[in-house]
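A closer look at the structure
Spelled out from the first residue to the last, the chains are:
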Amino acid sequence: MADRSAMSGATGGCFVVLEGGEGVGKTTQWRRLADRLLAAGHDVVALREPGGTPTGDALRAVLLDPASALAAQTEALLFAASRAQLVRDVIAPAMHRGAVVLVDRFLLSTYAYQGRGRGLSLTALREVNAFATGGLAPDLTLLLSLPLDESMARMHARGGADRMEREDAAFHQRVRAAFDEALQPAWQAEHPETGPVVAVDAGGDVEVVTMRCLAALAATWPDRFSEGPKEEGRMSAIEVTHG
Ligand SMILES: Nc1ncnc2c1ncn2[C@@H]1O[C@H](COP(=O)(O)OP(=O)(O)OP(=O)(O)O)[C@@H](O)[C@H]1O
Ligand SMILES: [Mg+2]
């Protein structure tokens with residue numbers, strides 16, 4: 001497993017993660033960003049967690065099935081196992097060739113859900129996930145931010161609650177607090193493994209939110225994302241069901 005410097009900046013790839021609580025619009029924006037960047041000529045690899053590999057997709061089915069009775073530790077290890085496979089099979093090769101890698105959830109979700117939500121040790125989660133990722137950190141995380149009542153309303157309007165979504169309001173409040181904490185510069189300084197995290201206002205029309213996400217990418221990589229349309233890009237992998 002190569003270290004991060006060999007997989008990221010040195011190769012010109014961009015590892016971008018969409019994060020936030022349930023129903024804030026991550027998957028919606030992930031799809032829209034992938035489409036938009038593809039149309040602008042970028043080599044895009046769009047992935048979701050858990051999943052993104054055959055092994056990861058099998059783990060995803062177990063993790064999201066309301067019938068699964070998982071110990072919190074089992075849940076954390078299965079997420080990490082899916083992540084380990086995704087990093088090695090897909091993210092690292094894509095970064096090596098200089099692609100834009102867009103991932104719907106990553107390490108920050110582990111800290112928020114399994115750490116703050118389930119109460120597992122952050123130190124343990126950190127060690128397990130350092131092992132899983134081999135130290136590969138996102139270059140940028142877009143944290144979609146929306147008041148909890150609005151995201152819950154979006155989630156309920158969508159219907160079909162999975163195992164996480166069935167948790168009570170207190171669980172979701174703890175998750176939300178963990179995401180909010182990750183925006184603090186002091187927290188980020190102590191957690192280089194998550195990479196830089198920026199808030200994106202997830203309120204309002206979907207297109208407006210997409211423009212905010214694109215602006216955040218352009219602010220981080222002005223040369224790469226501020227240009228006009230180029231020749232048609234290629235999409236290497238994208239999930240088609242909602243995440
Ligand atoms: N800007 C928006 N305005 C109104 N509705 C939205 C907006 N963005 C997304 N939605 C709707 O809200 C619901 C939740 O969106 P989405 O599935 O993208 O959220 P998510 O963050 O991926 O949720 P989860 O954490 O459950 O995966 C969907 O029905 C989607 O169509
Ligand atoms: Mg989703």
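To keep things clear, this report deals only with the structure shown in the data block.

Procedures and definitions
Residues numbered from 1 in each chain as written. Chains lettered and ligands numbered in written order. Predicted model: local features only at pLDDT ≥ 70, side-chain atom pairs only at ≥ 80, totals over all residues. Helix = DSSP H or I, 4+ residues; strand = E, 2+ residues; numbered from the N terminus. Contact = placed C-beta atoms within 7 Å. Core = buried A, V, L, I, M, F, W, Y, C linked by C-beta atoms within 7 Å. Buried ≥ 20, exposed ≤ 12 C-beta atoms within 10 Å, placed from the backbone. Axes fitted to C-alpha atoms, helices over the stretch in contact; angles between N-to-C directions. Parallel < 35°, antiparallel > 145°, perpendicular 65-115°, else oblique. Left-handed = near helix turned anticlockwise from the far one by under 90°. Nonpolar A, V, L, I, M, F, W, Y, C, P; charged D, E, K, R; others polar. Near = placed C-beta within 6 Å. Pairing = 2+ DSSP bridges.

What follows is about the overall build of the protein. The secondary structure content of the protein amounts to 11 helices and six strands. Counted over contacts in the protein with a minimum sequence separation of 6, partners at least 24 positions apart contribute 83%.

Core analysis: the largest hydrophobic core is formed by 55 residues, its most contacted members being Val-16, Ile-91, Val-101 and Leu-102. Broken down by element, the residue count for this core peaks at 11 residues, all from helix H4 (residues 72-96). The residues contacting Leu-102, other than those within four sequence positions of it, are Val-16, Trp-30, Leu-33, Ala-34, Val-44 and Ala-46.

A few words on the packing of helix H5 (residues 107-117) against helix H8 (residues 169-181). Geometry of a packed helix pair, given as the angle between the helix axes and the separation of the axes. Packing of H5 against H8 leaves a shortest axis separation of 8 Å and a crossing angle of 130 degrees. Considering their axes alone, H5 and H8 lie oblique with respect to each other. Classified by chirality, the crossing of H8 by H5 is right-handed. Packed against H5, whose contacting residues are Tyr-111, Ala-112, Tyr-113, Gly-115, Arg-116 and Gly-117, the element H8 presents Phe-171, Arg-174, Val-175, Ala-177, Ala-178 and Phe-179 at the interface. Of the residues in the contact of H5 with H8, the class split is eight nonpolar, two polar and two charged.

This part is about the environment of Thr-123. Note on placement: Thr-123 falls in helix H6 (residues 122-133). Note on Thr-123: 9 C-beta atoms within 10 Å, which makes it exposed. It is 9.9 Å that separates the C-alpha atoms of Thr-123 and Tyr-111, two residues lying 12 residues apart in sequence.

A word on the site of ligand 1. The local shell around ligand 1 holds 18 residues, among which Gly-25, Thr-27, Thr-28, Arg-154 and Arg-158 are the closest. Contributions of two or more residues to the shell around ligand 1 are made by helix H2 (26-39), helix H7 (148-158) and helix H10 (206-220). In terms of residues, the shell around ligand 1 owes the most to one element, H7, which gives four residues. Class assignment for the residues of the shell around ligand 1 results in five nonpolar, seven polar and six charged.

Most of strand S2 (residues 43-48) is tucked away: five of the six residues are buried. Relative to strand S3 (residues 100-104), S2 runs parallel, the two sharing five bridges. The residue bridging Ala-46 from the neighbouring strand is Leu-102, located in S3.

Before going further, it helps to examine unusual backbone geometry. Here the amide bond leading from Glu-49 into Pro-50 is cis, since omega sits at -15 degrees, within 30 degrees of zero. Summarising the element assignment, Pro-50 is placed in the loop between S2 and helix H3 (54-64). You will see that Arg-105, though not glycine, has its phi angle at about 80 degrees, which is positive. Tracing the backbone through its elements, the reader meets Arg-105 in the loop between S3 and H5.

Interpretation note: all reported values are geometric properties and have no functional meaning in isolation.
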